[in-house]
Amino acid sequence: MLRSVTATRYVLPLREGGSMPGLCEADDLGTYVVKFSGAGQGRRVLVAEVLAARLAAALELAVPELVVAEVDPVIGRGEPDEEVQDLLLRSPGANLGTDFLPGALSFDPAVDPVDPGWAARVLWFDALVLNVDRSWRNPNALWWGGRPWLIDHGAALYFHHDWARAAASATRPLRHAEDHLLLRAAADVADVDAACAAALTPDVLRAAVGDVPDVWLDAEPGFGSADEVREAYLEWFTARLAPPRPWVGELAAVQGEARRG
């Protein structure tokens, strides 16, 4: 389960993305980038972050620690920006914190060392979770401590914004794969497919959905309980991982086209 911390101080807003996360200090003396449940597309973004992080870890891809950040809106009373104050007022209780990596730089495969096998696993992973948000324009990866770290997966698993159409997305290819940050740096994605899929066992998937707090799943339209939502995610991942995984073949074709170009 995710650790729980209490935010004690709102440090500053981070305006790089539309959800306007904030840098916060917590009672464990840590500093976290907090995404708020009251922002933009709300708690589904937080769910996507948790599920993506857990599956990335199973694929041996580094992701900063995630925590449940309990927020009392009073921590923003000194913030002059009314938009920030409104966001905090809409986000009392459980929010998502990502461990802040001090001094981290944006990962640049043109400058930083890239292991082709690692890059292929990232490419496969992003295709699995339908993450359209890792491109040259927006790398969503950091270089810290001599290694790359993956961040910001809130745009992944976009099917959960319309559960009625979720099943149809289980075999869908990664959109805009030609723009992926690591497309050309990666080894053949088809060569890592079997090992990556094997790493995501039913136990791994069930543990991942089990780590999502009930409060982010309760009252999901069309479901009677948080556990029903968890089962829906499990069904989707099971279908997504079922062979022959046509989305892998389509990604391999895009990769081959990029190399020929």
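Anyway, here's the lowdown on the structure attached to this text. None of these values were measured; they are calculated from a predicted model.

The next subject is unusual backbone geometry. Cis rather than trans, the peptide bond between Pro243 and Pro244 has omega equal to 15°. Its place among the elements puts Pro244 in the loop between helix H6 (226-241) and helix H7 (246-260). Residue Asn140 is not a glycine yet carries a positive backbone phi of 50°. Residue position: Asn140 is located in the loop between helix H3 (116-128) and strand E7 (141-144). By relative accessible area, which is 8% here, Asn140 ends up buried. One non-glycine residue with positive phi stands out, namely Asp152, at about 60°. Topologically, Asp152 is positioned in the loop between strand E8 (147-150) and helix H4 (189-199).

As enumerated under the stated definition, the model contains 16 salt bridges in all. Of the charged contacts in the structure, one is a salt bridge between Asp126 and Arg134, with a shortest N-O distance of 2.7 Å. For the residue pair Asp126 and Arg134, the accessibility class agrees, reading buried in each case. Across the pair Arg230 and Asp214 runs a salt bridge whose closest N-O atoms are separated by 2.5 Å. With a gap of 16 residues between them, Arg230 in helix H6 and Asp214 in the loop between helix H5 (202-210) and H6 connect regions that are remote in the sequence. Asp214 gets classed as partly exposed once you look at its relative accessible area, which sits at 40%. Residues participating in the shared-partner salt-bridge network are Arg3, Asp28 and Glu65.

A few words on the packing of aromatic side chains. Applying the stated rule across the entire model yields 11 aromatic pairs. Judged by centre distance (5.3 Å) and plane angle (75°), the ring pair of Trp163 and Phe223 falls under edge-to-face. Here Trp163 is found in the loop between E8 and H4, whereas its partner Phe223 is found in the loop between H5 and H6, with 60 residues between them in sequence. Judged by relative accessible area, Phe223 falls into the partly exposed class, the value being 23%.

Our focus in this paragraph is the sheet that holds strand E6 (residues 105-106). The strands that make up a sheet are held in pairs by hydrogen bonds between backbone atoms, and each pair lies either parallel or antiparallel. Strand order across the open sheet formed by 3 strands is E6-E7-E8, with antiparallel pairing between neighbours. The open sheet has two edge strands with one neighbour each: E6 and E8. Where E7 lies against E8, 4 bridges are found, and the strand directions are antiparallel. Considered in E8, the bridge of Leu142 is made with Trp149.

Another point: the packing of helix H1 (residues 43-58) against H5. Taken N-terminus to C-terminus, the directions of H1 and H5 make an angle of 145°; their axes are 9 Å apart at the nearest point. In the packing of H1 onto H5, the handedness of the crossing is right-handed. Mapping the contact onto sequence places Val50, Leu51, Arg54, Leu55 and Ala58 in H1 and Val204, Leu205, Ala208 and Val209 in H5. Residue composition of the contact of H1 with H5, by class: 8 nonpolar, no polar and 1 charged.

As a further point, take the sheet that holds strand E5 (residues 93-99). Read around the closed barrel, the 5 strands follow the order E1-E2-E3-E5-E4; overall the barrel is mixed. For this sheet the average axis-to-axis angle between neighbouring strands, irrespective of direction, equals 55°. Here strand E3 (residues 31-35) runs beside E5; their pairing, made up of 4 bridges, is antiparallel. Of the residues in E5, the one forming a bridge with Val33 is Thr98. Sitting on the sheet, H1 is in contact with E3, strand E4 (66-71) and E5, with an inclination near 45° to E5.

On to the pairing of E3. Most of E3 is tucked away, with 4 of its 5 residues classed as buried. Pairing of strand E2 (residues 22-26) with E3 involves 4 bridges; the strand directions are antiparallel. Note that in E3 the partner of Glu25 across the bridge is Thr31. Linking E2 to E3, which pair antiparallel, is a turn of 4 residues; within it Leu29 sits at a positive phi near 70°.

Right, let's talk about the nonpolar core for a bit. In terms of nonpolar packing, the biggest core is built from 67 residues, with Leu51, Leu55, Trp124, Phe125, Leu157, Trp216 and Tyr233 touching the most fellow members. When residues of this core are traced back to their parent elements, those giving at least two are H1, E4, E5, H3, H4, H5, H6 and H7. In contact with Tyr233, not counting residues within four places along its chain, are Val47, Leu51, Phe159, His160, Trp163, Val209 and Leu217. Membership of the second largest hydrophobic core comes to 17 residues, among which are Tyr10, Met20, Ile75 and Val84.

Procedures and definitions
- Residues numbered from 1 in each chain as written.
- Predicted model: local features only at pLDDT ≥ 70, side-chain atom pairs only at ≥ 80, totals over all residues.
- Heavy atoms only, no water.
- Helix = DSSP H or I, 4+ residues; strand = E, 2+ residues; numbered from the N terminus.
- Buried < 20%, exposed > 50% of the residue type's maximum accessible area, 1.4 Å probe, protein only.
- Salt bridge = Lys/Arg side-chain N within 4 Å of Asp/Glu carboxyl O.
- Phe/Tyr/Trp six-rings, centres within 6.5 Å; stacked < 30°, edge-to-face > 60°.
- Pairing = 2+ DSSP bridges.
- Axes fitted to C-alpha atoms, helices over the stretch in contact; angles between N-to-C directions.
- Left-handed = near helix turned anticlockwise from the far one by under 90°.
- Contact = heavy atoms within 4.5 Å.
- Nonpolar A, V, L, I, M, F, W, Y, C, P; charged D, E, K, R; others polar.
- Core = buried A, V, L, I, M, F, W, Y, C linked by side-chain atoms within 4.5 Å.

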